[in-house]
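Structural overview
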Amino acid sequence: MDRARRWIEGALAVTAAAALGVTALATTAQAADINVAKNAGFESDLNNWTCSAGTGSVVGSPVHGGARALQGTPTAQDTAQCSQAVAVKPNSTYTLSSWVQGSYVYLGASGTGTTDVSTWTPGSSGWQQLTTTFTTGANTTSVTVYTHGWYGQSAYYADDVSVLGPDGGGGGGDPVVVPAVPAGLAAGTATSSSVDLSWNPVSGATGYNVYRDGSKVASVSGASTTVTGLAAATSYSFQVSATNSAGESAKSTAVTARTTASGGGGGGTVPKHAVTGYWQNFNNGATVQKLRDVPSQYDIIAVSFADATSTPGQISFTLDPAVGYTSAADFKADIAAKQSAGKSVILSVGGEKGSVSVNSDASAAAFADSAYSLMQQYGFDGVDIDLENGLNSTYMSKALHQLSAKAGAKLVLTMAPQTIDMQSTSGEYFKTALNVKDILTVVNTQFYNSGSMLGCDGKVYSQGSVDFLTALACIQLEGGLDPSQVGLGVPASTRGAGSGYVDPTVVNNALDCLTRGTGCGSFKPAKTYPGLRGAMTWSTNWDATAGNAWSNAVGPKVHSLP
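Predicted model, so just to flag it, every value in this text is computed and none were measured.

Two side chains with opposite charge may pair up if their charged atoms get near one another. As enumerated under the stated definition, the model contains 10 salt bridges in all. Between Lys527 and Glu478 there is a salt bridge, and its shortest N-O distance comes to 3.7 Å. Remark: Glu478 occurs in helix H6 (residues 466–478) and Lys527 occurs in the loop between helix H7 (504–516) and strand S30 (534–538); sequence separation between them is 49 residues. Here Arg516 makes a salt bridge to Asp512, at a shortest N to O gap of 2.6 Å. In this pair, Arg516 and Asp512 both sit in helix H7, four residues apart, roughly one turn of the helix. For Asp512, a relative accessible area of 12% corresponds to the buried category. Put simply, Lys290, Arg292, Asp330 and Asp334 are held in one network by salt bridges that share partners.

Structure below.
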C-alpha cells in the first residue's frame, strides 16, 4: 500500500513537471544543429551514460535503430534512471527526444539554467517517441538529460536519444542526415477493409510515410500500421519512407496485399449510440429471462457465456435448462426475432470464471473457427471478449481478425475489460483493442469492482462517481480508440456487482459530460466526444430484478445523445 501511494504521488508530481515542460516553444532545427548527445543509440554499451544502482543495461532486442538499445529495470525503491551530461551553448534552444517502449517512461533535462523540463508516457506496446524542448541559461554550458521508468513497474527501453541544437563544443555530436530507405516491408492480416503493414525500424528516423498505390495515406511514428478504408476483394500496392528533420528517404520496395471478400455476417446492425446488456444463461438469483423478455432499450444483447473445451482456444455453447428454453430452436427463434427488431445478439466469451486461453497460432485458429461455427449454428451477430483472467494481445488479435475475415463486415465485436486493464495502452487488453480497432464495435469497460484508479489527468478518482466514469473513459478516448468504440459499463443494481454501483442519474450525467460538456463533476474533459457509443450494464437480469429501472433511465439518454 505504501509503495502504491508513493507511486501515485510521484506520478502526479511528474505529471505536473511534464505540464511545465510542454510550455516551451519548439524551434525548427537549423543546418548547424547537431545531436550533442554521445552514444545516443547505445551502440557502445553504456559509455557516456550513468544508470542508478546498476539498473541499466544494453540489449539487442527490442531496438528502434541499430543493433542495441537501453533497458532500464526499476525496483520498488529505484526508477532506473540513466543520464548523460551534454555540452551545450548558452542562451540556446534544444529539442530533446528519444524513442521509448514500456510502462511509465520519462524523458527530461535538468540543470538547464532556466526551466527544467520532462515528459512521459503511461505506456506503449511498441516504440513511441517522446519529445520536449529546453532553453539554456546565459551561463549554462552543460545540461543533464535523463530517462527513467517508475517504481515497481516492468522494464522500459530507450533508443536513439537526440539533443538537437547548436554545438556546445563537447565533440562527438552527429549531424542530422536523411534516413535510410526502410527495409523488410511486409503485409500481415487482411480483412475486407484493412491491411496490417510492418517494416524494420530505421536509425535516425522520427517518423514514416505510408503510400498506397503511390499516394500517401498515413504518417506514423512507429514501424507498423493498419491501413483502413479499403474496398473488399481488391489488391493494393504499399510502400513506406522514413522521415526526420533533414528530409524524407526514397520509398521502399513495394509489397502487394489483397483484402478479403465481404462475408454475410449475422445481419445485426448497431446504431450510432447503443445500449449493451448481458443476458445470463444461468440462474444466480436474478430474474430469469428468455431473450424475448429483454427490453427494447437494449441494442446489443451479449449472451453470457461461451464455454471452454479441452482444445486450447476452442469455445462451445450450451443452453442452461434453468433459463426455461425447451429447445435450441426456440432460442434461435428469439435471436432471429431480436435481429428483425434491429437488435444484435452476440456470444460473450469469458466472465469472472471464464478460462478460454488464446496464446498460440493454433489456439487463435481454433478460437476463430469455433466462434464462427457458433455464429452460423445459432445466428449470433458476433462475439464479446470478457476474459477477466488475462489475455495475450498478439494471438487474441490474430484470432479476432481471422474471425472477421470469416464473418465479414457485419461482425459485431465488443469487449468488456476490467478497469485496471484499460489504465495504460501497454496493457494486453488495451493493446488488443487497438490492434483490432479496424473491426471493433465498442469497448465497454467495467467501471466497478475496482476501487480507486487514475484518470487521464493523472489524478486518483474513487469509483461510484461521475468523475470516475468520465476521467477513466478519457484514457481510452485519448489513448487511440474512436469515441464510437467507447462505452460506459456499470451494474444495473446494487446486487449486480460487489462495489461501484451508481444511480442511473450519475451514468446520464457522465454521458452528458463526455458528449456535451455538461453534468460534469470536478473533472471536465478538454473536449467533448459526441460520437461516444453509449453504455453497458451487467445484466439485463439484474435490471429486470430492479424493475428495469436502469434501462428505462439510461436507454432514452443514450438514444438521445448528439
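Past the structure itself, the notes keep going.
It is worth spelling out the pairing of strand S25 (residues 412–415) at this point. Alternating positions in S25 separate into two faces, Val412 and Thr414 on one and Leu413 and Met415 on the other, with burial throughout. Pairing geometry for strand S24 (residues 382–387) and S25, over four bridges, is parallel. Paired with Asp384 across the two strands is Thr414, which belongs to S25. With two bridges joining them, S25 and strand S26 (residues 442–446) adopt parallel strand pairing. What sits directly across from Met415, in S26, is Val443.

We now examine helix H2 (residues 328–340). Between its terminal C-alpha atoms H2 stretches 18 Å, which fits the 18 Å expected from 13 residues at 1.5 Å a residue. Taken together, the buried positions of H2 are occupied by Phe331, Asp334, Ile335, Lys338 and Gln339. Within H2, the buried residues cover an arc of 140° as seen down the axis, which keeps them to one side. In H2, the exposed positions angled more than 90 degrees off the buried face are occupied by Ala329 and Ser340. Positive phi appears at Gly342, one or two residues downstream of H2, with a value of about 90°.

Within strand S9 (residues 156–165), 10 of the 10 residues are buried, which leaves the element mostly enclosed by the surrounding structure. Strand direction decides the pairing type here: strand S1 (residues 34–35) and S9, joined by two bridges, are antiparallel. Each residue of the ladder has a partner; that of Ile34, found in S9, is Gly165. Direction of pairing for strand S4 (residues 69–72) relative to S9: antiparallel, over a ladder of three bridges. The residue of S9 that forms the bridge with Leu70 is Ala158. Sheet topology note: the strand S6 (residues 93–110)/S9 ladder contains six bridges and is antiparallel. When the bridges of S9 are listed, Val100 appears paired with Ala158.

The terminal C-alpha atoms of H7, which comprises 13 residues, lie 18 Å apart, in line with the 18 Å expected from a rise of 1.5 Å per residue. Among the 13 residues in H7, 10 count as buried, and that is most of the element. Residues of H7 that are buried include every one of Pro504, Val506, Val507, Asn508, Ala510, Leu511, Asp512, Cys513, Leu514 and Thr515, and no others. Those residues of H7 that are buried lie in contact with H6, strand S29 (486–491), S30 and helix H9 (549–559). Positive phi shows up at Gly517, right after H7, with a value of about 80°.

A separate point is the nonpolar core. Residues Trp279, Phe331, Phe367, Phe380 and Ile385 are the most contacted members of the largest nonpolar core, which totals 92 residues. Contacts of Ile385, omitting those with residues within four sequence positions, involve Val349, Phe367, Leu391, Met396, Leu400, Leu413, Thr414, Met415, Ala416 and Tyr429. Counting residues in hydrophobic clusters, the runner-up holds 28 residues, among them Ile34, Leu107, Val117 and Phe134.

The rules behind each value
Residues numbered from 1 in each chain as written. Predicted model: local features only at pLDDT ≥ 70, side-chain atom pairs only at ≥ 80, totals over all residues. Heavy atoms only, no water. Salt bridge = Lys/Arg side-chain N within 4 Å of Asp/Glu carboxyl O. Helix = DSSP H or I, 4+ residues; strand = E, 2+ residues; numbered from the N terminus. Buried < 20%, exposed > 50% of the residue type's maximum accessible area, 1.4 Å probe, protein only. Pairing = 2+ DSSP bridges. Expected span 1.5 Å × (residues − 1). Arc of directions from axis to C-beta. Contact = heavy atoms within 4.5 Å. Core = buried A, V, L, I, M, F, W, Y, C linked by side-chain atoms within 4.5 Å.

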